[in-house]
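Chain by chain, the residues:
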Amino acid sequence: MQLIEGKKIAEQIKGEIAAEVQSIIAAGGRAPHLAGVLVGHDGGSESYMTSKVKTCEQCGFKSSLLRFDESITQDELIAAIQGLNNDKGVDGFIVQLPLPRHIDEQAVIEAIDYRKDVDGFHPINVGRMAIGLPCFKPATPSGIMMLLERYKIETRGKHCVVLGRSNIVGKPIATMLMQKGNPGNCTVTVCHSATPNIKELCRQADIIIAALGHPGFVTADMVKEGAVIIDVGTTRVEDPTRERGWRLSGDVDFDNVAPHCSYITPVPGGVGPMTIVSLMHNTLLAATGRAYTD
Ligand code: GUN
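Residues numbered from 1 in each chain as written. Predicted model: local features only at pLDDT ≥ 70, side-chain atom pairs only at ≥ 80, totals over all residues. Heavy atoms only, no water.

**Comments concerning the pattern of salt bridges**
Inclusion rule: Here, a salt bridge means any side-chain nitrogen of Lys or Arg that lies within 4 Å of a carboxyl oxygen of Asp or Glu. A run of DSSP states H or I qualifies as a helix once it reaches four residues; a run of E qualifies as a strand once it reaches two. Both are numbered from the N-terminal end. Whether a residue is buried, partly exposed or exposed follows from its accessible area with a 1.4 Å probe, protein chains only, as a fraction of its type maximum: under 20%, in between, or over 50%, in that order.
One pass over the structure, following the stated rule, counts eleven salt bridges. Residue D91 is joined to R30 by a salt bridge in which the shortest nitrogen-to-oxygen separation is 3.0 Å. Taken together, the residues D91 in the loop between α3 (74–86) and β4 (92–95) and R30 in the loop between α1 (6–26) and β2 (33–39) connect sequence positions 61 residues apart. Assessed through its relative accessible area of 10%, D91 is described here as buried. Of the charged contacts, one joins R67 and E46 as a salt bridge, the two residues approaching to 2.7 Å between their closest N and O atoms. Here E46 lies in helix α2 (residues 43–59) and R67 lies in strand β3 (residues 62–68), a separation of 21 residues in the sequence. A cluster of three or more residues bridged by salt bridges with shared partners is formed by D239, R242 and R247.

**Looking at the sheet that holds strand β6 (residues 187–191)**
Note the following rule: We treat two strands as partners when DSSP finds at least two bridges between them.
With parallel pairing, the six strands of this open sheet are ordered in space as β1-β11-β8-β7-β5-β6. Where the open sheet ends on each side, the last strands, each with one partner, are β1 (2–3) and β6. Two strands pair when backbone bridges link them, and strand β5 (residues 159–163) and strand β7 (residues 207–210) are joined in this way by four bridges, in the parallel orientation. Directly across from C160, in β7, lies its bridge partner I207.

**Topic: unusual backbone geometry**
When glycine is set aside, most residues are seen to have a negative phi, and most peptide bonds are trans. In this model, L97 is joined to P98 through a cis peptide bond whose omega is 0°. By the secondary structure assignment, P98 is in the loop between β4 and α4 (105–111). In this model, V267 is joined to P268 through a cis peptide bond whose omega is -5°. Tracing the chain through its elements places P268 in the loop between β11 (261–264) and α10 (271–287). In this model, K152 sits at a positive phi of 50°, which is unusual for a non-glycine residue. Considering the arrangement of structural elements, one finds K152 in the loop between α6 (139–150) and β5. The residue N185 is not glycine, and still its phi comes out positive at about 55°. Relative to the helices and strands, N185 is located in the loop between α7 (170–178) and β6.

Structure below.
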């Protein structure tokens, strides 16, 4: 069994991005600029945003954070987004989700200029990705693809079972893995809450992508010998032994599953660090005008 060290790969890629930023600046260009919009004070969103700002610094990017109170109206938020769309000094931006209940998330996503949508959530980017055109691809599935690529994991002709059908992970990773390409060329099965025979399907999988937010869902009896396991789960579970009172739990029963795998990602330190690095990669593509040509 080989551990997929997302944290280590993320550090390598950050170094590569920082080197490219240095050469852009040495050639008289300016640093890529990522802006983030944060509404309210959700604990998870606050910590994601803090990590994103810190990673921008490590990559040599400029970053700015626009914070709004929970009580902001949808129109006010959309006006702020239009400001970012029109700001030539901002290469890309994200609106941290989830948003308060009185705001229509989809309307907000659609207000973002798709050419600055480094989260890859705008329908134009989603559609372009589905038909294999250059676009911004969402960060978590892109991070998984980078891990498969860097570990040279064979995906061609493999049966990949995706657990979860979210717009952020399940649907886009299924799309990416079925595309022609390397990584890619998989036969993909997507399982969700209405799938009756999940265990059986998992037992047939060469690769399992677990992205359902259910701690310890994938157990040893669901895993074929030699399978590749990618754990996207990041649920906060109570842990009185930790000073902060919680720890992150993945969707895989790691201790019992790992001995049966060829490769497995840990939680934390697997997919998580790659997500932020993918966002940095998208921002670099936005700043250099490469998103729609690569
Ligand atoms: N909330 C959880 N994941 C994400 C993400 O990748 N982007 C944004 N904008 N919000 C999120």
